[in-house]
Amino acid sequence: MKVIVVGASHGGHESAVELLTRYENNEVTVYEAGDFISFMSCGMELYLEGKATQRDDVRNFKPEDVEKLGGQVYSQHQVTKIDPDKHEVEVKNLANGETFTDTYDKLILSSGVTPTTIPVPGNDLKNVFLMRGRDWATKLHDKLHDDQVKNVVVVGAGYIGIEAAEVFAKGGKNVTIVDRNQQPLANYLDPQLGEVVAKTLSENGVNLDLGRTVSEYQGTTEVQSVKTDDGCELPADLVVVAAGVTPNTDWLKGTVDLEEGGFIKTDPYLRTSAPDIYAVGDAIKSLFAPAGKPAPIALASAARRQARYVAETLAMTKPDRSFPGINGSSALSVFDYHLASTGVNAHNAELLNLDVAESVYHGKLRPNFVTDGNPDVWVKLTYHPESHQILGGQILSKGAITAHGNTISLAITAHMTLENLAEADFFFQPGFDRQWSVLNIAAQTALGETPAV
Ligand SMILES: Cc1cc2nc3c(=O)[nH]c(=O)nc-3n(C[C@H](O)[C@H](O)[C@H](O)COP(=O)(O)OP(=O)(O)OC[C@H]3O[C@@H](n4cnc5c(N)ncnc54)[C@H](O)[C@@H]3O)c2cc1C
């Protein structure tokens with residue numbers, strides 16, 4: 001089977017490796033428009049903080065990694081057009097401007113997204129930056145080490161904005177985050193946990209300008225300040241915009257059906273509207289399993305699971321199972337805190353119109369007598385009000401608790417209830433946790449019990 005993959009990031013990489021290693025007789029060609037294969041934006045914060053060997057090591061794979069498996073990888077090759085009837089793609093070699101045609105039996109689109117710029121006056125000023133990919137990583141690195149840059153405004157308090165804010169605050173800059181939401185990480189954390197994150201950001205010198213919308217970037221050639229809708233003016237030598245993403249799908253208009261927002265429309269088997277064309281990654285809305293509905297979930301973990309599924313079903317006329325969906329599990333550090341979030345939360349429950357109940361447990365991670373390294377922990381569980389089926393969870397602590405997010409994700413997938421989680425068998429060791437794991441305690445608390453710790 002001759003397979004063409006568009007895009008050499010997480011979805012493209014996983015598609016190629018799966019097809020070349022787990023299945024036989026596949027000829028795989030990956031076309032990537034960018035000039036570098038394949039910078040890993042997930043590692044950008046580590047690179048900027050000087051915790052990576054070097055910039056070009058922060059990547060998913062080198063072309064030769066896939067080539068030695070028998071695949072072909074072309075950078076600076078943009079797929080500009082698809083002819084689904086002829087099973088042909090038009091490819092432009094961006095290095096020399098030449099265009100050629102290639103044919104496929106199956107085509108996998110993993111063309112991803114581009115960070116959205118905010119359409120306000122001044123958005124073309126110098127030093128209004130985005131944060132995705134190797135080129136922006138290089139520019140951000142330069143600014144981080146530029147003494148002329150004193151004031152940094154980050155637009156957007158999602159994961160990426162928080163990463164940017166932390167990097168520049170640790171780099172000695174005066175950092176302000178502007179977001180129209182009233183709390184940081186509002187798409188991931190509910191207010192009880194979000195307010196802890198807000199406090200730690202403030203304590204670490206990050207100014208929070210929340211509940212405000214950017215209305216203008218001011219300056220002559222370079223940005224000098226950011227104006228908000230309520231007339232506030234923030235000095236800025238650098239602006240980092242992390243305010244959402246736009247799918248790279250303009251070129252697909254009229255070829256495959258697109259949804260509102262430009263996402264590629266896929267069926268439960270991740271097939272597009274055109275025969276033999278599949279799509280994975282940030283450019284699609286994936287099945288959000290705990291809600292049973294599609295949702296935009298821009299995560300590398302999602303792209304990889306979708307690509308694995310597509311590789312498995314590519315040769316099947318009728319796949320024997322549909323894509324099982326994802327829970328949207330993610331984790332992050334914010335200064336001394338660690339957090340993980342999975343499944344349904346207050347934000348997406350409202351967006352998707354889901355009827356959920358919730359409960360928060362706040363206590364110590366280990367027995368009270370432990371004085372050394374016994375931080376507070378918050379666990380929030382979201383569940384079905386009648387069946388008590390677990391639909392989501394969030395956990396936050398200065399302790400190493402992020403793996404609990406994965407445990408909650410498994411509980412969601414296994415359709416466990418609060419009752420199941422309340423008695424689930426987890427270890428106890430006072431060096432790590434309490435007599436009951438915080439997950440047991442959180443479920444017991446949600447059931448209205450008084451945990452025996
Ligand atoms: C700063 C940052 C940190 C992140 N951290 C995490 C994290 O910790 N964990 C996590 O799970 N996710 C994280 N993500 C999200 C993760 O990077 C994305 O979910 C993932 O990269 C999506 O992969 P993808 O294959 O859909 O596409 P993308 O990564 O968007 O890549 C698409 C590729 O396709 C190429 N392309 C587009 N159109 C064409 C065309 N017509 N022809 C040829 N090539 C084309 C593009 O040049 C691009 O290289 C982070 C993202 C950012 C920006």
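Since we're looking at a predicted model, the values are computed, not measured.

Caption draft 1: Representation of the overall build of the chain in the model. When you go through the chain residue by residue, the secondary structure sums to 11 helices and 25 strands. By the compact-globule yardstick of 22 Å for 453 residues, the chain fits well, its C-alpha radius of gyration being 23 Å. Considering only C-alpha atoms, the chain reaches an extent of 70 × 60 × 40 Å along its principal axes. Buried positions account for 51% of the 453 residues belonging to the chain. The long-range share in the chain, meaning contacts at least 24 apart out of those at least 6 apart in sequence, stands at 61%. For the chain, the exposed surface amounts to about 20,300 Å²; the carbon and sulfur share of it is 47%.

Caption draft 2: Just the environment of I82, in detail. You can see I82 is positioned in strand β4 (residues 77–83). According to the relative accessible area criterion, I82 is buried, its value standing at 9%. Distance in space between the C-alpha atoms of I82 and D57 is 33 Å, their sequence separation being 25 residues. Not counting residues within four places of it along the chain, the set of residues in contact with I82 comprises E88, V89, Y104, L107, L109, W251, L252, T255 and I277.

Caption draft 3: Inspection of the nonpolar core at higher detail. Ranked by internal contacts, the top residues of the largest apolar core, which has 50 residues, are L107 and L109. When contributions to this core are tallied by element, the ones reaching two or more residues are β1 (2–6), α1 (10–21), β2 (27–31), β4, β5 (88–93), β7 (106–109), β18 (277–279) and α7 (300–313). Dropping the residues within four chain positions of it, L107 is found in contact with I4, V6, I82, V89, D276, I277 and Y278. Residues V149, V154, L193 and F335 belong to the second largest nonpolar core, which totals 40 residues.

Caption draft 4: Spotlight on the pattern of salt bridges. Considering all chains together, one arrives at 22 salt bridges under this definition. Linking K199 and E203 is a salt bridge whose minimum nitrogen-to-oxygen distance equals 3.2 Å. In this pair, K199 and E203 both sit in helix α6 (residues 191–203), 4 residues apart, roughly one turn of the helix. According to the relative accessible area criterion, K199 is exposed, its value standing at 55%.

Caption draft 5: Representation of the sheet that holds strand β9 (residues 128–130) in the model. Judged by pairing direction, the sheet is parallel, and its 5 strands sit side by side in the order β9-β16-β10-β11-β12 without closing on themselves. Lying at the two open borders of the sheet, with one neighbouring strand each, are β9 and β12 (207–210). The mean inter-strand angle of the sheet, taken between neighbouring strand axes irrespective of direction, is 25 degrees. Where strand β10 (residues 151–155) lies against strand β16 (residues 238–241), 4 bridges are found, and the strand directions are parallel. Pairing of V152 across the sheet is with L238, part of β16. Packing of helix α5 (residues 159–170) onto the sheet brings it into contact with β10, β11 (174–179) and β16, and relative to β11 it is tilted by some 165 degrees.

Caption draft 6: Representation of the sheet that holds strand β3 (residues 72–74) in the model. Here 5 strands make up an open sheet; going across it, the order is β3-β2-β1-β7-β18 and the pairing parallel. Across the chains shown, the open sheet's two edge strands, defined by having one partner strand only, are β3 and β18. Averaged over all pairs of adjacent strands, the angle between strand axes in this sheet comes to 15 degrees, irrespective of strand direction. Summarising the sheet, β1 and β2 pair through 5 bridges and their orientation is parallel. If you follow I4 over to β2, its bridge partner there is T29. Sitting on the sheet, α1 touches β1, β2 and β7, and the angle it makes with β2 is about 170 degrees.

Caption draft 7: Summary view of the pairing of β12. The sheet contact formed by β11 and β12 spans 4 bridges and is parallel. Its bridge partner being in β12, I177 is matched across the sheet by L208. Handedness of the β11-α6-β12 crossover: right-handed.

Caption draft 8: Quick peek at the site of the ligand. Around the ligand sit 29 residues, and of these S9, E32, V79, S110 and D282 come closest. One of the side-chain nitrogen or oxygen atoms of D282 is found 2.8 Å away from an oxygen atom of the ligand. Taking 1,000 Å² as the accessible area of the ligand by itself, protein coverage stands at 85%. Of all the elements, β4 adds the most residues to the shell around the ligand, at 3 residues. Grouping the amino acids of the shell around the ligand by side-chain chemistry returns 12 nonpolar, 13 polar and 4 charged.

Caption draft 9: Quick peek at helix α9 (residues 403–413). Within α9, the full set of buried residues consists of G405, I408, S409, A411 and I412. For α9, the buried positions fall inside an angular range of 160 degrees around the axis, keeping them on one side. Exposed side of α9, more than 90 degrees from the buried face: A403, N406, L410 and T413 are the residues found there. Its buried side turned inward, α9 meets β22 (337–343), β24 (376–383), β25 (390–397) and α11 (438–446).

Caption draft 10: Spatial organisation of unusual backbone geometry. Following I37, the chain continues into S38 via a peptide bond in cis, with omega recorded as -15 degrees. Structurally, the position occupied by S38 is in the loop between β2 and α2 (44–48). Its identity is not glycine, yet D276 carries a phi of approximately 65 degrees, on the positive side. Mapped onto the elements of the fold, D276 is located in the loop between β17 (245–247) and β18. The exposure class of D276 is partly exposed, given its relative accessible area of 26%.

What counts as what
- Just so you know, the residues in each chain are numbered from 1, in the order the chain's sequence is written.
- Owing to the predicted nature of the model, reporting of local features is limited to residues with pLDDT of at least 70; listing and counting of side-chain atom pairs is limited to 80 or more, with chain, interface and lining totals taken over all residues.
- Processing note: side-chain calculations cover all non-hydrogen atoms of the structure and skip hydrogens and water entirely.
- The secondary structure listing takes helices from DSSP runs of H or I that are at least 4 residues long and strands from runs of E that are at least 2 residues long, numbered from the N terminus.
- Only C-alpha atoms enter the radius of gyration; for comparison, a globular chain is expected to reach 2.2 Å times N to the power 0.38, where N is the number of residues.
- Working definition: with a 1.4 Å probe on protein chains only, accessible area under 20% of the residue-type maximum means buried, over 50% means exposed, and in between means partly exposed.
- By definition in these notes, contact holds between two residues if any of their heavy atoms fall within 4.5 Å.
- Using a 1.4 Å probe, the Shrake-Rupley method yields the accessible areas, and only the shown protein chains count as cover for residues.
- Only buried Ala, Val, Leu, Ile, Met, Phe, Trp, Tyr and Cys residues count toward a nonpolar core, and they belong to the same one when joined by side-chain atoms within 4.5 Å.
- One speaks of a salt bridge when a side-chain nitrogen belonging to Lys or Arg is within 4 Å of a carboxyl oxygen belonging to Asp or Glu.
- Only when DSSP finds a minimum of two bridges between them are two strands counted as paired.
- For helices, the fitted axis covers only the stretch in contact; all axes are lines through C-alpha atoms, and the angles between them, taken along N-to-C directions, range from 0 to 180 degrees.
- Note on handedness: a crossover is taken as right-handed if, strands pointing away from the viewer, the path from the first strand over the helix to the second is clockwise.
- Proximity is defined per residue: if any heavy atom of the residue lies within 4 Å of a molecule or strand, that residue is considered near it.
- N or O atoms within 3.5 Å of each other form a polar contact, as long as, within protein, one can give a hydrogen and the other can take it, and as long as residues adjacent in sequence are counted only when both atoms are side-chain atoms.
- Amino acid classes used here: Ala, Val, Leu, Ile, Met, Phe, Trp, Tyr, Cys and Pro are nonpolar; Asp, Glu, Lys and Arg are charged; the rest, including Gly, are polar.
- Relevant arc is that of directions from the helix axis to the C-beta atoms, nothing else.

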